[in-house]
Amino acid sequence: MSDQIKFIVDNLNKEPFRKNYNLITFDSLEPMQLLQVLNDVLAEIDPKQVVDIREEMPEQTAKRMLSLLGILKYKPPGNATDMSTFRQGLVIGSKPVIYPVLHWLLQRTNELKKRAYLARFLIKLEVPSEFLQDETVADTNKQYEELMEAFKTLHKECEQLKTSGFSTAEIRRDISAMEEEKDQLIKRVERLKKRVETVQNHQRMLKIARQLRVEKEREEFLAQQKQEQKNQLFHAVQRLQRVQNQLKSMRHAAADAKPESFMKRLEEEIKFNFYMVTEKFPKELESKKKELHFLQKVVSEPAMGHSDLLELESKINEVNTQINQLIEKKMMRNEPIEGKLSLYKQQASIISRKKEAKAEELQEAKEKLANLEREVSVKTNQTREFDGTEVLKGDEFKRYVSKLRSKSTVFKKKHQIIAEFKAEFGLLQRTEELLKQRHENIQHQLQTIEEKKGISGYSYTQEELERVSALKTEVDEMKGRTLDNMSEMVKKLNSLVSEKKSALAPVIKELRQLRQKCQELTQECDEKKSQYDSCAAGLESNRSKLEQEVRGLREECLQEESRYHYTNCMIKNLEIQLRRATDEMKAYVSSDQQEKRKAIREQYTKNIAEQENLGKKLREKQKAVRESHGPNMKQAKMWRDFEQLMECKKQCFLKQQSQTPMGQVIREGGEDRLVL
């Protein structure tokens, strides 16, 4: 153990901690200080752990540290019972629990830094199966998994590059060789261009080759798209199977269920969701907005120097002094109404925190339930695939459940006995620590009293007396001295002890009186505390009842208001429709032509007539196009043939001009003559 503490102290005194501890100061640290040292070491491994534990609840601190130690794969010694003691020791800052953790962390700091960095990107976020039924969520989850795999491959390549040891000279040689190959390729491309320019229709051939390359790329893209569609089809089939299994399970669950239980469950879910939407989520959103606003403000401000920081610290100190003065003035006033209000405010804040904690626990329980249901469905499918057996149903399942219930009652009794033993053990351990601390404090007080009274060294002389008596026995056994010398020594020591006892007698009397007073005060404190707890419990129960009544009345008021607004809106809509109907009837019955034209019926008849005329014109135009389609197509074909004929003549003419002239052709009187 001493080697372990020495190793911890040496590493904490080095960079980057610089704690300047020695063995005595480190061993005399308080539990809260020891937890802060452990948190500083964890913050060096994972920068997200930089937290002042004095501003954090102990349960949150323990949960955060246990989650990080689980990610770092720390295995505490012992079995499950030792795990519970480990958690309890981590909460209270026990030295036998924290020392091994510090020793393990400081031994492999670099390795754990790497593990914590990878855990940020490789711990998979579990998504419930009911959310994966949505296509967008499923696609996002698929992209998330693909990005995780890409990160794994990139990290492996990075580590391989770090360990491969490529030198800069080799990289430069590779770059120079690649530049030479690039120059050679450019020269080859230029030579090929010169060769192609002499070939006839080279532009057309290049165009055809370019189209061929585009079509090949398109073919590859279509093949890839076909593969993706196959994968999507496979995923859709799997999703269909999952939905069918869920439908079977829901039908099986609904067969024995009652509508009252469904309604009760739905009401509970609605209440929980209403609380989450109206209270918890807005608070979290508001805190995030405040934090974002604060960070944006910090980013927008210019960089601060040392002098600016000193000015800010002086302002903070001034504001703190003003706050302390105001608090003192408020305490001097000692108004009973404000004291009562502060008490109610504290109780309300405690209840709100309890409510938030229970909501978080309920959310975690729901997530665990969803995960367990998903695991159960997977296991049932696996059992069906392997064994072909079905899950127990009906009477067999009831008998199995009754057996489990009997076993669970026995297990709960045993577990309760174990929990009582654990609690008693924790209390005994805590009392032992308190008694040790009290013994040390009494020893220290006794030494100070001895120094004040001028009889310092009484306890030391008592220890010396015991040591001398031990030496006396050893000397008697080994050397066999005479009894006269030993009796003289004992008389001297007895006289010294009697003198010290006579000097300490009044001090001991005072100490007894103080102990009696301490016991009386502790009894009085316990009585007052029990009275306060009973009064607080009564007030809290009354307040909870009043809150429930107020909540019920508010809900009724909101329902009535919503019903009132709905009926008003329906009445207004009906009045508007009635007004339109009356206006339409007046316009339709009236003899005035202008009012009849304003009627909706007249407008619709006019629109129908216009659309019918437009349809007639379009049918006539279609008929004309059909009649002229054949001659137009024939004329287009004739123009294409004429274009081909002219192109052929152009090519013949160009070929004739490119050939060397062998003679001269003379045309006279409808005859052609060749003159060489």
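Going by what an unreviewed UniProt entry lists, the chain is known as Intraflagellar transport protein 81 homolog and is assigned to Ursus maritimus. According to its UniProt record, the chain has this under Sequence similarities (unreviewed entry): "Belongs to the IFT81 family." Under Subcellular location (unreviewed entry), UniProt gives the following word-for-word description of the chain: "Cytoplasm, Cytoskeleton, Cilium basal body".

A word on the overall build of the chain
Regarding its fold elements, the chain presents 20 helices and two strands. The buried share of the chain, taken over its 676 residues, is 12%. Nonlocal contacts in the chain, meaning residues at least 24 apart in sequence, comprise 58% of its contacts between residues at least 6 apart. In the form shown here, the chain has an accessible surface area of approximately 58,100 Å², with 57% of it arising from carbon and sulfur atoms.

A short note on a negative patch on the surface
Residues Glu179, Glu180, Glu181 and Asp183 make up a contiguous surface patch of negative charge. Here glutamate 181 shows up in helix α10 (residues 168–198).

Observations concerning the packing of helix α3 (residues 31–45) against helix α6 (residues 95–107)
Orientation of α3 relative to α6, taken along the N-to-C sense of each, is 25°, at an axis distance of 11 Å. One finds that α3 runs roughly parallel with respect to α6. Note that α3 runs across α6; the crossing there is left-handed. On α6, the residues that touch Leu34, Leu35, Val37, Leu38, Val41, Leu42 and Ile45 of α3 are Lys95, Ile98, Tyr99, Val101, Leu102, Leu105 and Leu106. Each residue belonging to the contact of α3 with α6 can be placed in one class, and the counts come to 13 nonpolar, no polar and one charged.

Thoughts on the packing of aromatic side chains
Going through the model one piece at a time under the given rule, you end up with three aromatic pairs. Relative to phenylalanine 642, the ring of tryptophan 639 has its centre 6.0 Å away and its plane inclined at 85°; by these criteria the two rings are edge-to-face. Placement of both tryptophan 639 and phenylalanine 642 in helix α20 (residues 629–658) is noted, with a separation of three residues, approximately one turn of the helix. Judged by relative accessible area, tryptophan 639 falls into the exposed class, the value being 54%.

Rules and cut-offs
- Residues numbered from 1 in each chain as written.
- Predicted model: local features only at pLDDT ≥ 70, side-chain atom pairs only at ≥ 80, totals over all residues.
- Heavy atoms only, no water.
- UniProt positions renumbered as here; feature names shortened; annotations may be inferred.
- Helix = DSSP H or I, 4+ residues; strand = E, 2+ residues; numbered from the N terminus.
- Buried < 20%, exposed > 50% of the residue type's maximum accessible area, 1.4 Å probe, protein only.
- Contact = heavy atoms within 4.5 Å.
- Areas by Shrake-Rupley, 256 points an atom, 1.4 Å probe, with all protein chains shown as cover.
- Patch = residues over 30% accessible without salt bridge, like charges linked within 9 Å, V, L, I, M, F, W, Y side chains within 5 Å.
- Salt bridge = Lys/Arg side-chain N within 4 Å of Asp/Glu carboxyl O.
- Lys, Arg positive; Asp, Glu negative; His and termini not counted.
- Charge placed at Lys NZ, Arg CZ, Asp CG, Glu CD.
- Axes fitted to C-alpha atoms, helices over the stretch in contact; angles between N-to-C directions.
- Parallel < 35°, antiparallel > 145°, perpendicular 65-115°, else oblique.
- Left-handed = near helix turned anticlockwise from the far one by under 90°.
- Nonpolar A, V, L, I, M, F, W, Y, C, P; charged D, E, K, R; others polar.
- Phe/Tyr/Trp six-rings, centres within 6.5 Å; stacked < 30°, edge-to-face > 60°.

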